[in-house]
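The lines below spell out each chain.
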Amino acid sequence: MSSKKGTIALVLGSGAARGHTHIGVIQAFEDRGYEIISISGCSIGAIVGGVYAAGKLSEYREWAESLDRINVLRLLDMSLLKGGYVKGDRFFEKIQEIIATPTIESLPIDYTSVAVDLLNQKEFWFQRGDLISAMRASSAIPSLVSPVEFNGRMYVDGGVLNPLPIIPSVPAGADYIVAVDLNGPAEVLLDKTAEQDSTGPAWWLSTKDFFAKGKEPDKAKYSPESWGRLQTINMMFETMQESLTQYKLAGYPPDLLISIPKDVSGFYEFWRAKELIEFGYDVALKAIDGLESPISSYHSFPKGY
């Protein structure tokens, strides 16, 4: 991989399905001749970053783009014996099928997965040990995904304390620290894949409320009248993450901030991988143009964020 344009320490934030934009961002930097030497990630950022560090991003992308609504629902292995949590076993079985079982120290680039040690109430960085366990610990969304017990500790999503983990990227000594925030300001983007939920098999209709209640065509995407249980929990979580992200950016501004609008997709819409990857790629190319401009020492995209 050529590093003629410089090296990158990439910070990949949390945001569920919007994390597929991370794939497009990575591809854009590679296509423009940058070398990614470090990745720190939280939640979906830890997953995409871990798959990339393991050298299997193309395989993951192919699988992600093959998913439809039914495939996504089948991945939600809910446990009625554990309070209705999503266990995540099926999803990570697929991840293991794609990347096998590497350790973090065996990866060719620096990697940090950020989770929260729930019992000790503090941030925890995974920089050694089993990669899949680190990814899984970082992505256990509170109230939705089962907490992960590992080495005598209980972990949940790193976004609870640090949705955009910039500090772990500093020791890499890269030419640029690039942060991808998945909870950027909403831009009322067009949902190209909006579907009517009034059709489909009965078993799908009976479970659609887990995603979101059916909405009238004239309802706003973020109207509380259209929310289901999952959407309500997520909106609370996103509100918290957005505030935390601003705090982290104020303390440790990266060389480049790529801000993905939070309304680019619903956080559960994993079946929209292809368009989200393309969106991330296009946004990243514009952001790289800003990075390469001599006008300012700090850049953000969209401008003014």
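Residues numbered from 1 in each chain as written. Predicted model: local features only at pLDDT ≥ 70, side-chain atom pairs only at ≥ 80, totals over all residues. Heavy atoms only, no water.

Under the annotation held in an unreviewed UniProt entry, the protein chain carries the name NTE family protein and is attributed to Marinomonas foliarum.

What describes two packed helices is the angle between their axes and the distance between those same axes. Close contact between helix α1 (residues 20–31) and helix α9 (residues 273–291) brings their axes to 6 Å; oriented N to C, the two are set at 45°. For the element pair α1 / α9, the angle class is oblique. As α1 packs across α9, the resulting crossing turns out to be right-handed. Side by side, α1 and α9 meet where His20, Thr21, Ile23, Gly24, Val25, Gln27, Ala28, Phe29 and Asp31 of the first sit next to Ala273, Leu276, Ile277, Phe279, Gly280, Tyr281, Ala284, Leu285, Ile288 and Leu291 of the second. (Axes fitted to C-alpha atoms, helices over the stretch in contact; angles between N-to-C directions. Helix = DSSP H or I, 4+ residues; strand = E, 2+ residues; numbered from the N terminus. Parallel < 35°, antiparallel > 145°, perpendicular 65-115°, else oblique. Left-handed = near helix turned anticlockwise from the far one by under 90°. Contact = heavy atoms within 4.5 Å.)

Before going further, it helps to examine the nonpolar core. Leu10, Phe29, Tyr60, Met135 and Ile258 are the most contacted members of the largest nonpolar core, which totals 66 residues. When sequence neighbours within four positions are dropped, the list of residues in contact with Met135 reads Ala46, Ile47, Gly50, Val51, Phe92, Ile95, Ile99, Tyr111 and Ser113. Core analysis: the next-biggest nonpolar cluster, separate from the first, contains 9 residues, Ala9, Ala174, Leu249 and Leu257 among them. (Core = buried A, V, L, I, M, F, W, Y, C linked by side-chain atoms within 4.5 Å. Buried < 20%, exposed > 50% of the residue type's maximum accessible area, 1.4 Å probe, protein only.)

Attention now moves to helix α2 (residues 44–53). With respect to burial, α2 is a largely interior element, 10 of its 10 residues being buried. Looking at α2, one finds that the buried residues are Ile44, Gly45, Ala46, Ile47, Val48, Gly49, Gly50, Val51, Tyr52 and Ala53. Once α2 ends, the next one or two residues include Gly55, with phi positive near 80°.

Let's shift gears to the side chain of Ser38. By secondary structure assignment, the location of Ser38 is in strand β2 (residues 35–42). Other than its neighbours up to four places away in sequence, Ser38 contacts Ile8, Ala9, Leu10, Ile109, Asp110, Ser169 and Ala172.

The next thing to look at is the pairing of strand β1 (residues 7–12). Taken residue by residue, a regular strand's side chains alternate between the two faces of the sheet. Burial analysis of β1 places 6 of its 6 residues in the buried class, which makes it a mostly covered element. Pairing between β1 and β2: 6 bridges, direction parallel. In the strand pairing of β2, Leu12 is matched with Gly41. Taken together, β1, α1 and β2 form a β-α-β motif whose crossover is right-handed. Note that β1 and strand β9 (residues 176–184) share 5 bridges and pair parallel. If you follow Ala9 over to β9, its bridge partner there is Ile177. (Pairing = 2+ DSSP bridges. Right-handed = clockwise from strand over helix to strand, strands pointing away.)

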